[in-house]
Every structure is written in C-alpha cells, then in structure tokens.
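Breakdown of the fold
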Amino acid sequence: MSQISLTFPDGNIRIYAAGVTAAEVAMSIAPSLAKAAISAQLDGAHWDLQWPIPQSAKISINTLKDEAPALELIRHDCAHIMARAVQEIWPDVKVTIGPVRDYGWFYDFDRAEPFTPEDLGAIEAKMKQIINAREPVRTEVWDRARAIAYYEERGEPFKLELIARIPEGEDLRMYWHGGWQDFCRGPHLAHTGQVPADGFKLTHVAGAYWLGDASRPMLQRIYGLAFKNREDLKAHQLMLEEAAKRDHRKIGREMELFHLQEEAPGMVFWHPNGWTIYRQLEDYMRGRQKAAGYREIRTPQVVDRVLWEKSGHWEAYRENMFIVEVDEDGAKEKRINALKPMNCPCHVQVFNQGLKSYRDLPLRLAEFGSCHRYESSGSMHGLMRVRGFTQDDAHIFCTVDQIQQECADFIELLSSVYKDLGFTKFDIKLSTRPDVRVGSDEVWDKAEDALQKAIERLALPYTINPGDGAFYGPKLDFKLTDAIGREWQCGTFQCDFNTPVRLEAEYVGEDGAKHSPVMLHRAILGSFERFIGILLENYAGKLPFWLAPRQVVVASIVSDADDFVTEIVTELRRAGVRAEADTRNEKINYKVREHSVGKVPVILAIGMKEVEERSVAVRRLGETRVETISLASAIATFGLEALPPQH
RNA sequence: GCCGCAGUAGCUCAGCUGGUAGAGCAAUUGCUUCGUAAGCAAUGGGUCGGGGGUUCGAGUCCCUUCUGCGGCACCA
C-alpha cells in the first residue's frame, strides 16, 4: 500500500497510508480533536471526514470553532435533517433539493397539502429529536444503477430527475443518518448532534418552481435560519427586526410620504411630504445634469403603436405595455396607443428633427421620463417595483470613438451623485456581447474596449459578466451598497447600436456622408420612486437635512411664546428652510416625541426664556443635547444646511 | 403569472366551535400653560376589501374577484 504525506497548518508533516480518512487523521493526532472534528480542508477544498484521502496534500481539521466551514455544514445538515423530519412525519412527501443560503438553508418539497405554521413547529420538534439522538452521518459512493433502483423503489421522481442530470460515469455519493438517506455531494457533519439544537429556526414557507422553471411544478419551499449557537441566531433575528423597521412602506406611512391603493396598483400617490423629497431629488439631479452638459427635454407619454412597432417594443415588450385605445372622430377603427414604457424611441424623435452634423455630437438629451410598465402582479413591492415611475433617463448620441470619454464622464457624475446621497460604496459590472446580437464584431470590440478602458482609467474595481450584455450592445451596471449592507442596482450605462438604425437616426459626418450614431442609454438613480425607497431604508427615514420634507419644527412650550414661534417660522421660510410651527396645546415632551418619531431633523423649542432673549433651543434628531443659539444665527445655520450639496 | 397567507375603525391589532363588532394609539371637545420621547377626562368613528351562495341567522362556512404580504418566475 502506497504512502502519502500530509502537511499540517503548523508545518508538521505526517505519513499515512493512502486512502486514510480525515477522521482517522484527526484520531491519530488526538482523540479530543477527533471528537470535535466536523470536516477538513484538503488543499483548500472542503473535505468530509469520512472521505478517503488519495494523495499527499495540505490538511487542516475543522471544528465547530471554524466559522465558515462550520456554518456551511450546520446549514447543509439542517437541510437534510429537515427533509428527514418531514418524511418521518409525512412519508408521502417527495423530497427534492435543499441548498445552503445566506444565514440558513431551504428545502423544496412536493406535497399536496400546504405546510402550516403549526407544521413548522412539528418539523422543528422532530428535527430536535434527530439532533439530540446524535446519530452518526455515514456516506458511501453508489453507482448510478443502484441509486436509480433505490429511488424508484421509494417513489422519488424528483431525485430520479436529478440523477438523470448528473453526467454519465460520475459516481453518486449517498449520505444517511438513522434510516433516512439522500444523495448529496457533501461534505457533511460527523453526527447529527453537531447541529446546535437551539441554533436553528424554521422561518417561512413559500412556493418555488421545480428547478426554477415556471413551466415545471410548483413545490413548497421551507426556509430556515441556522447559526452556531442560540446567541448568533437571536442576534440575526434582531437584525431582521431592525431591517423590518426600516421598511420604506412603513416609514412612508409614518412620515406621511405616499400611499398606494387598489384602484391604481403599482402607481404612487405622493403626499406633500413625499413629494417634497421627490422634488428635492429631481431639482438636485437637474442641476447636476445641466452642469454635466445634458439638455433637458420632455416627450409624450401616449404614443401611437406605429412608433412602438418601428422601435421593436410592440413585438418584444408588448405584454408589459399599457395599451390605450381611442375612438377618433370619423375613424372606422380605434386608434391604438401605448403608454411609453421607455423614453428612448421618443428621444430619437427629438434627435431626428432637423439635420444633425458630427459637430452636434455628443448630444446628451435628458428627461425625467414618466414611464408605465405592466409589471406582473406578484412582482410589485412598495416603491421598489411599481407600474408607473419616472426615470432619470438620458440618451447620449455620439460616435463609437466618443464612447469612452462619455462613459468616464458618466461614471464620475454617478459616483459624485451617489456620494452626495450618502452612498460611498458601489460595484461595477461590465456585461459583454451575448451570442445573439446585432452590430459587427468590430464595433462590439471597440465598445467593450471603451467601457473597460473608461473604468480602468478611473481606477475603479469591476467584474465582467461575459455574454450578459443586451443584444444591442455592451453595458455597465452599477450596484450601490446601503447602510445595512444590502445591494441595489440603480445606475446603468448601455451602448446601443440598434435603436438609432431602426429609428433612422443619422448625422452628417466629416466625410459628408450620413452615419448612424451610437446611442448611450444611461441612468443614475434608475427611477425616482425606487431610489427614494432605497434612500428611506438607507437612512431609516432620517434623511439628511436638505432632503428632509420637514426640516425644522418650531414648538412652543407655553402659549405666550406662540407669536415668537410664528415669527421664527416666517424668517426660516424666508431663508429657504422648510419650517413649521407647532403651537398646539401640548406639553413639550409630547411635541418632541411626535416630531422625533416623525423624523424631523431639527426641533426648536421656544419658551419664555427664548422669547426674552430672542433665541432658540435647538434639538437635533437622535441627540438629547439642547443648544441655545440666537435667532439670527439659527436662520443663517439652517438656511445654509437647507441647500443641496454644492459643486 | 404561480404557491401560500392576509384584508375588521385613520394606524396597530383582538373577535374560540356562526347568533347582528372590541382594545390601544390617533381624531374631536373640555380641563391643564406644563421646559425636551406620550398630562387628564369625555365624545364621535367600522357592517367587517367587492360580489355571490349556504343558513332562521355569517366578520366567522363555501364559491368568485380585487388588493396586499412572503417567496418563486419575470425585470428585452
């Protein structure tokens, strides 16, 4: 029998017989290590304790103290234990797959009856039994025929389909504990007792298509959370509660920003406070884009189908469009229009008016374009996914040679805007040519190269998504990270070689001949609706002063101060501050609480002392400290703070 | 669109096995003028998402529809 040498993390080298298992290796070092072991790292690969080690390698033994492998195994074993628990309770339920995901796992089942919350409790109890039994997890390699026979006998069609998808000749690894088994590539824990019985929690049930395919059966997916111990689980559950408190739908109600109602699903009714935020954001963007050389336009929302047929939307995007039929005077047939789902075709119409020269390029046309898309009912979500929205859209008409500069300028604008809005971290994704595409390879080469060079010149990190570009050109997507680490794709920069040709956009080149320009679709915020949702969640409603709908509330402590309160509000408004008076017959405690809950950044409390001194007591949101300053300096301070970021 | 769950006063929610709706907050009114996160009291307010059915009788059961929520699919 041949020998192998295993190198340990401390540099030690030991000799073993080939085929030794990691469990045996651990035992050879110390029985206590063998007992604590959960898996091994073999040349960096996650290795099951029971798998034979074929050749010399670097090895380290993992225990539950090794965070990453421990969590992966705990979650993966939870999936198996849950599947077993379910089948022990309901033997007719068919099992499918159960992968690890962030913070936990899920497992998809096929069962006629829906799982109820009470069922989840029963499953959890059964899982705890299995865990407490500390049953050893065993594994062996089966050949395909044996595995197929096994699952045919058990009547598990989904498992059989999974087996059929595994390439011929590959062995199947079976895992089992107790009388229950599943085929799985592993690795797994050594025994079920290594899963912390109080470190997991089943959270919810949801439908999910088999293999993610909407034409396949809908299965029931049970989600669970799993951590090393109860404390970590509790901490995570607390974090989820905190995240729920930031839900923009909840904040929107509390701050009286907007509402949605069933007569207009997916369309926002903006209230005064919410519309103030919207307008601030729009005015800010207008200023930034104007300074960056964009020219603002406005195009129709209802457009005849003829244009959509020309642009290709009628064929490719019709099911997502709101159609408007009109009885025209004297016409035999109804005229069919569509609410625009995108602005690009209309922007080309503006470009097409009058003869354009190469001297006009790059031409940057911007529109806060109101669009409507018929989003499927299940996909709508607060402000984040709506049917009526406004994009901070612009189209840059330019030559292929101008792409790089335009791209670099755009990224600089975008990163500056994100920074102003409180987002300092964002990722860039470059999507390159798909198999099915329009345009010559030469043009694609140039465009992809231009995008890549633009990012690299700015020394920004990025990842490439090969083949993920649109059929009409390569693109960049920008994903920002919010205060609690969630990522949102907002910005985009897309090259389009197709639309200008389809819609006959042309310019006269230096050579006197007509050429098609390249069209660059770009957005920074994406949609105002969604971006405001992101802002609200990022700031948990505590917007920076310049965006806050109500910036200052001036609250009287006694009614004899009311006149001075009115005077202060008037002066603040004159200085451009969104100020309101609160002279209600309530205690200052009550007013402070209400406006704090309402996320007003500054409360000015006015009592007789302030009246006499002509001063104000300033209390900022989130602080309990109160600072008394003169009225004049308050006007100056808040007038300045109310301005949007200056450039 | 699909699976599941939900839809009761402005908001949050209670209402068991069917017998004509309840709380807290908010609102209104009165009292209180009280220094930085909810002062006291009284009063008004819903026919239980819409439609249909079962029943002597339905918020409570059934069907249907809409909307919302959690996912999945979708997001050229």
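Here's what I pulled together on the structure shown here. (Residues numbered from 1 in each chain as written. Chains lettered and ligands numbered in written order. Predicted model: local features only at pLDDT ≥ 70, side-chain atom pairs only at ≥ 80, totals over all residues. Heavy atoms only, no water.)

1. Quick notes on helix α20 (residues 631–641)
Each turn of an α-helix holds 3.6 residues, which means side chains three or four residues apart point in the same direction. Of all the positions in α20, only L631, A634, I635, F638 and G639 are classed as buried. Looking straight down α20, one finds that the buried residues subtend no more than 120° of arc, so they occupy a single side. In α20, those exposed residues whose orientation departs by more than 90 degrees from the buried face are A632 and L640. Residues of α20 that are buried make contact with β31 (552–556), α17 (562–574), β33 (602–606), β34 (615–620) and β35 (626–630). (Buried < 20%, exposed > 50% of the residue type's maximum accessible area, 1.4 Å probe, protein only. Helix = DSSP H or I, 4+ residues; strand = E, 2+ residues; numbered from the N terminus. Arc of directions from axis to C-beta. Contact = heavy atoms within 4.5 Å.)

2. Observations concerning the protein's contact with RNA strand B
Around RNA strand B, the surrounding shell holds 48 residues, and the nearest of these are Y209, M342, N585, R593 and R619. The share of sugar and phosphate among atoms of RNA strand B within 4 Å of the protein is 48%. In the environment of RNA strand B, a sugar or linking oxygen lies 2.8 Å from a nitrogen or oxygen atom belonging to the side chain of Y223. Within the contact set of RNA strand B, a phosphate oxygen lies 3.3 Å away from a side-chain nitrogen or oxygen of R253. Residue assignment for the surface near RNA strand B shows that the elements contributing at least two residues are β14 (200–209), β15 (218–226), α8 (248–254), α18 (588–597), α19 (608–613) and β34. In terms of residue count, the dominant contributor to the surface near RNA strand B is α18 (seven residues). (Near = heavy atom within 4 Å. Polar contact = N/O pair within 3.5 Å; in protein donor to acceptor, adjacent residues only side chain to side chain.)

3. Overview of the sheet that holds strand β19 (residues 302–304)
Read from one edge of the open sheet, three strands run β19-β21-β20, paired in antiparallel fashion. The open sheet has two edge strands with one neighbour each: β19 and β20 (323–326). Sheet twist, expressed as the average angle between the axes of neighbouring strands with direction ignored, equals 40°. Bridging between β19 and strand β21 (residues 335–339) involves three bridges; their strand directions are antiparallel. (Pairing = 2+ DSSP bridges. Axes fitted to C-alpha atoms, helices over the stretch in contact; angles between N-to-C directions.)

4. What to know about the packing of α17 against α20
Taken N-terminus to C-terminus, the directions of α17 and α20 make an angle of 35°; their axes are 10 Å apart at the nearest point. Pair α17 / α20 crosses with right-handed handedness. Contacts between α17 and α20 involve F564, E567, I568, E571 and L572 on the former and, on the latter, L631, A634, I635 and F638. Taken together, the residues of the contact of α17 with α20 sort by class into seven nonpolar, no polar and two charged. (Left-handed = near helix turned anticlockwise from the far one by under 90°. Nonpolar A, V, L, I, M, F, W, Y, C, P; charged D, E, K, R; others polar.)

5. What about the pairing of strand β24 (residues 426–431)?
Relative to strand β26 (residues 475–481), β24 is paired through six bridges, and the arrangement is antiparallel. Residue pairing across strands places K429 opposite D477, the latter belonging to β26. Of the strand pairs in this sheet, β24 and strand β25 (residues 462–465) are connected by four bridges, and their pairing is parallel. Bridge pairing in β25 places I428 opposite Y462. Traced from β24 through helix α14 (residues 441–457) to β25, the parallel crossover comes out right-handed. (Right-handed = clockwise from strand over helix to strand, strands pointing away.)

6. Focus on the state of the cysteines
Throughout the structure, instances matching the rule amount to zero disulfides. Its sulfur unpaired, C344 is 8.3 Å from the next cysteine sulfur, which belongs to C371. We classify C344 as buried; its relative accessible area is 7%. Not engaged in a disulfide, the cysteine C407 finds its nearest cysteine sulfur in C495; these two sulfurs lie 7.2 Å apart. (Disulfide = S-S within 2.5 Å.)

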